[in-house]
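Survey of secondary and tertiary structure
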Amino acid sequence: MAPRRLLLVGEGNFSFAAALSETLNASTRVTATCLQRPAELARDPVARENLQRLRERGTEVRFGVDCTQLADAFEPHHREFDRIYFNFPHCGRKAGVAKNRELLAKFFQSCKDVLAEGGEVHVALCRGQGGTPADKPMREWHNSWQVVAMAALGGFILSDVHPFSCEAVPGYKCTGYRSQDKSFHVEDALNHIFTRSLPFEGSQPRIFRIKLGDRWFSFPEPDALVGKLNRGFLEAPSRHPIKTINEKLIAELGKAFPLKRLKCSFTLLPERSTSVLTSWNCDSLSAAFWISLCEDNSNSESLTDGITQDMEDFLVLFSEFSLKDPGRDSREEAHEGIYGQTKVCLRPSLLAHVQTVIQAPDFLPGSLHVLSGPVFQKCPILPFTMPAFHETLFILGFNKNLRDDYLQSLLDHLKGTLDSLLTQTLLEGSKLSRSVEFIFQSNEKDYIIKVKSHNFGSDCAKDLIIGSVTTSATSIIHKDQCFMFVSMNLDLLAMLVWGISDWRMLWTFDHRFLKNFVPGKIEPFKSYSLYPPCYVHDISFWLDEKKEFDELEFHTVARAVSQDTVISIQFLSRFQHPKTQQVSLCYRLTYQTCDKALTQHQVGSMQSQFRKEIQQRLHVIPR
C-alpha cells in the first residue's frame, strides 16, 4: 500500500519536495518543512519558485521546524506520518563527524514520536558517511556517521539501502555545501531506509506448569532459554520455515520407506536408575539444562500469561539423586515428597526416546518411524551452535542380515533429498555450491552428515554438521533386528536452504520474519535488519583456587545476561601472579543483535550485570 502521509524535514530550497510532490497521486499528503524562517529564504529565487509550485499543489509547508524536536512541531492528531525523509543531513559549516552523529541520533529519537506504526524513515547520505558495508569504499567506523548505531538510539533498524538517484526526482537540486548556495557531490550516495525495531526490554523468565500423573508442578524458564520454550514452530497452523523444511524432508523420505509419524508425548523415562543411560545421552546430560519442579496446587486459570500445560513434551525426567546414587532409600524419597521438588532436565536430544520407540509393541520393522521436536543443551557461543533447536529423528529397524542394503538405501535417498533441498535457492548460473557428505566415523559404523556451503555472505566455504547416522545392535525385544537412527538439525538445514545467516533469526518475535516465506515456494531470505553494529568489551577476573573454572557455564551466563546478543567470546590471555600464584583469565565479548536495535548504553549495562553474575555463579573475582 502506498504511503498516505509523508513528512520532509531539513528541506533547503524545497526542490526535493516540489519534485517528489509531482510524482505522487492526489491521495498522498505531503508536509514539507525546513529549519529556516520565510525571510531567510526570500532571497533565494529557486526556493521561492519551488514554494510557489508546492502551494499550487496544496502541499503543506512549515518553517522553523527543528527535526530533532518533531513532537513540538505537530499536534498529536497531526502526527502518525507513514514516511519521513531527511536528505543529506548536516549540521552546517565545517561540523565534524561527532556533531553530525549527534544530529542523527536526536533526529531518530524525535522520529519515534511522529512515525506511524509500520512507517519508514529515509535518510540519504553522501558516499562513505553511513559507515556500513553498503558504502563503496567503506570508511573506518570511527570516521563515519555510524548511522545504524545512531538510529538504534531511537529504536530503529536499517531495513534496506539502495543508491540515491536524483533522476528519480527530476528537478531536485542538492545545495547547502558548507551552509552555502552551492551544490555538493551525490555520486554513489545511498538512501537508508529504517523501520521500527521491536522494543529491547529485559525479559523475565516465564513460569510454566505441567501435569505429571495427577500432580501439578511449576518451574521457571531457564534464563538462557528465554523466549525459546513452547513456541510451537512444528505445530499444525505454523508457517515457520522449520515446519516447512521438516515436512519436505519427511515427505521425500516417505517416497522410499513406509512412514509412521510419532508424537513426542512420552518424554518421561519411567526408570529411576542409570540403566536407561547410554553413552550418547550421558554426554548430552552433562550439558543439559537442569530445572527444579515445584509442586503447584494453584488454579492454572489464575496464572499469568505464557503459562502452558503441555510442557511435558519438552521434559525428560531424571532424578538428580538417581544419577548420583541409584540406591536411593525411602528417607530420600520422603524428603523429596515433603518439599515437593523433583529435579528434571529439558531433553537434550530426541535420542532419549529411542528405547521407548523400538520396544513398543506396535514397532514396525522396515518402516521409518519419525519423531520431531525441540531440544535444548548448553553450548559454547559460536556462529552455528545453538542452545535450542528442532530435531527430527528417523528410526529404522530391519533384519540384521540386510544391514548393508538398508543402510545404503537410506543414505542414498537421504543424500538425494538433501541435495535437492539445498539447491532450490541457488540462483541460475551461480558459481556457489552446496554439497552433502557422509563422513565415516572412527567407530566404523556411524556417520556425520556434513554440508559444505558458500552461504552466509562469505566467499569461503564452511563445513556444517547438520546431522548424524547411528547404527545399533539388536534390542532385547527384536533380537533379529538391527537399527539405524538418523538425527537432523532442522534449524541448520533451514538456514542453509533459505540462506539465513544467523540462527537467532529463527526465534524472533518480529512478524516481518514470517512474511519472507510464501507457502509452496522456497526463495532466498531477505533480512529486514541490515548491518547491525558490533560492540566489544573485554573482561578479566581472578579464578577461585578451590574451584575449577567452568568455561561452558561462563558462555551460558553470557548468553543469559545478554539475551543472546553476545555473538563471540574470544579467549585473550592467561596471567599468573608471580608472588601469589593466583591465575587471571581475560576474554573479549562481542555483542550484536540480528533483529533489534541495540545501543552502546544497553550493552554497557549488560556487561556490568555480567560481571556481577560470574562473580556470584562462577565464584571468580572480576578485575
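Residues numbered from 1 in each chain as written. Predicted model: local features only at pLDDT ≥ 70, side-chain atom pairs only at ≥ 80, totals over all residues. Heavy atoms only, no water.

The name that an unreviewed UniProt entry assigns to the protein is Ferredoxin-fold anticodon binding domain containing 1, with the source organism given as Ursus maritimus.

A few words on the packing of aromatic side chains. Taken as a whole and judged by the stated rule, the model has 26 aromatic pairs. Taking 5.3 Å as the distance between ring centres and 55 degrees as the angle between the ring planes, the aromatic pair formed by Phe 107 and Phe 108 counts as tilted. Overall, Phe 107 belongs to the buried group, its relative accessible area being 0%. On the basis of relative accessible area, Phe 108 is assigned to the buried category, the value being 0%. Seen from their ring centres, Phe 513 and Phe 517 are 5.0 Å apart, and the 65 degrees between their planes marks the pair as edge-to-face. (Phe/Tyr/Trp six-rings, centres within 6.5 Å; stacked < 30°, edge-to-face > 60°. Buried < 20%, exposed > 50% of the residue type's maximum accessible area, 1.4 Å probe, protein only.)

As a general point, the strands of a sheet are linked pairwise by backbone hydrogen bonds and lie either parallel or antiparallel. Read across the open sheet, the seven strands follow the order 10-14-15-19-18-17-16; overall the sheet is mixed. Because the sheet does not close on itself, it has two edges, and the strands there are strand 10 (259-261) and strand 16 (434-440). The average undirected angle you get between the axes of adjacent strands in this sheet is 25 degrees. Bridge count between strand 14 (residues 368-376) and strand 15 (residues 388-399): nine bridges; the pairing is antiparallel. Across the sheet, residue Pro 374 finds its bridge partner in strand 15, namely His 390. Lying over the sheet, helix 12 (residues 403-422) contacts strand 14, strand 15, strand 16, strand 17 (447-453), strand 18 (462-472) and strand 19 (481-489), oriented at roughly 155 degrees with respect to strand 16. (Pairing = 2+ DSSP bridges. Helix = DSSP H or I, 4+ residues; strand = E, 2+ residues; numbered from the N terminus. Axes fitted to C-alpha atoms, helices over the stretch in contact; angles between N-to-C directions. Contact = heavy atoms within 4.5 Å.)

Turning to the pattern of salt bridges, a few remarks are in order. Opposite charge on two side chains permits pairing when their charged atoms draw close. The tally for this structure, following the rule as stated, stands at 25 salt bridges. Where Glu 22 meets Arg 53, a salt bridge forms, and the shortest distance between an N and an O atom there is 2.8 Å. Residue Glu 22 is located in the loop between helix 1 (15-21) and strand 2 (29-33), and its partner Arg 53 is located in helix 3 (residues 45-56); the two are separated by 31 residues in the primary sequence. Owing to a relative accessible area of 24%, Arg 53 belongs among the partly exposed residues under this scheme. With a shortest N-O distance of 3.0 Å, Glu 247 and Arg 261 are connected by a salt bridge. Placement of the pair is Glu 247 in helix 7 (residues 241-253) and Arg 261 in strand 10, with a sequence separation of 14 residues. On the basis of relative accessible area, Arg 261 is assigned to the partly exposed category, the value being 45%. Among the ionic contacts, a cluster of salt bridges with common partners joins Asp 223, Glu 613 and Arg 617. (Salt bridge = Lys/Arg side-chain N within 4 Å of Asp/Glu carboxyl O.)

The next point concerns the sheet that holds strand 2. Pairing is mixed in the open sheet, where seven strands are placed in the order 3-2-1-4-5-7-6. Pairing within the sheet leaves two strands with one partner each, and these edge strands are strand 3 (60-62) and strand 6 (156-163). With direction set aside, neighbouring strand axes in the sheet form an average angle of 20 degrees. Pairing of strand 2 with strand 3, which is carried by three bridges, proceeds in the parallel orientation. Opposite Ala 32, over in strand 3, you have Val 61 as the bridge partner. Running over the sheet, helix 5 (residues 97-111) touches strand 1 (5-9), strand 4 (81-87), strand 5 (115-125), strand 6 and strand 7 (190-196) and is turned about 160 degrees from strand 5.

With that settled, the discussion passes to the side chain of Lys 243. Summarising the element assignment, Lys 243 is placed in helix 7. The side chain of Lys 243 sits in the buried core without any salt bridge; Glu 247 is the nearest counter-charge, 4.4 Å away. In this structure Lys 243 touches Phe 233, Leu 234, Glu 235, Ala 236 and Ser 238, once residues within four positions along its chain are discounted. (Lys, Arg positive; Asp, Glu negative; His and termini not counted.)

Once that is clear, we can look at the nonpolar core. Grouped burial of nonpolar side chains is what soluble globular proteins tend to show. Counting residues in each nonpolar core, the largest one holds 85 residues, and the members touching the most others are Ile 449 and Ile 466. A per-element tally of this core places helix 13 (residues 490-498) first, with eight residues. Looking at which domains feed residues into this core, each of domain 2 (232-268 + 347-516) and domain 3 (534-622) gives three or more. Once you skip the residues sitting within four places of it in the chain, Ile 466 turns out to touch Leu 418, Ile 449, Val 451, Ser 487, Met 488, Asn 489, Leu 492, Leu 493 and Leu 496. (Core = buried A, V, L, I, M, F, W, Y, C linked by side-chain atoms within 4.5 Å. Domains from an automatic or database assignment.)

Once that is clear, we can look at the side chain of Asn 87. The topology assignment puts Asn 87 in strand 4. By relative accessible area, Asn 87 is classed as buried at 10%.

Looking now at empty space enclosed by the protein. Applying the stated criterion across every chain yields a total of three cavities of 30 Å³ or more. By volume, the largest cavity amounts to about 80 Å³. Lining of the largest cavity is provided by 13 residues; of these, Val 148, Ile 157, Pro 532, Pro 533 and Lys 596 occupy positions nearest its centre. Of all the secondary-structure elements, those providing two or more residues to the lining of the largest cavity are helix 6 (147-152) and strand 6. Among the elements that take part in the lining of the largest cavity, strand 6 stands out by supplying three residues, more than any other. Its residues placed into classes, the lining of the largest cavity shows ten nonpolar, two polar and one charged. Both domains that meet at the lining of the largest cavity, namely domain 1 (4-196) and domain 3 (534-622), each give it at least three residues. (1 Å grid on protein atoms, 1.4 Å probe; cavity = no way out; pocket = protein on both sides within 12 Å on 5 of 7 lines; lining within 4 Å. Points joined across faces, edges and corners; volume = space filled by probe spheres on them. Nonpolar A, V, L, I, M, F, W, Y, C, P; charged D, E, K, R; others polar.)

The next thing to look at is the pairing of strand 22 (residues 583-591). For strand 22, a buried count of eight out of nine residues is recorded, marking the element as mostly surrounded by other parts of the structure. Pairing between strand 20 (residues 535-542) and strand 22: eight bridges, direction antiparallel. The residue bridging Ser 540 from the neighbouring strand is Cys 586, located in strand 22. Here nine bridges tie strand 21 (residues 566-576) to strand 22, and the two strands are oriented antiparallel to one another. The residue of strand 22 that forms the bridge with Arg 574 is Leu 585. Here strand 21 folds back onto strand 22 in antiparallel fashion, the turn holding six residues, of which Gln 581 has a positive phi close to 65 degrees.

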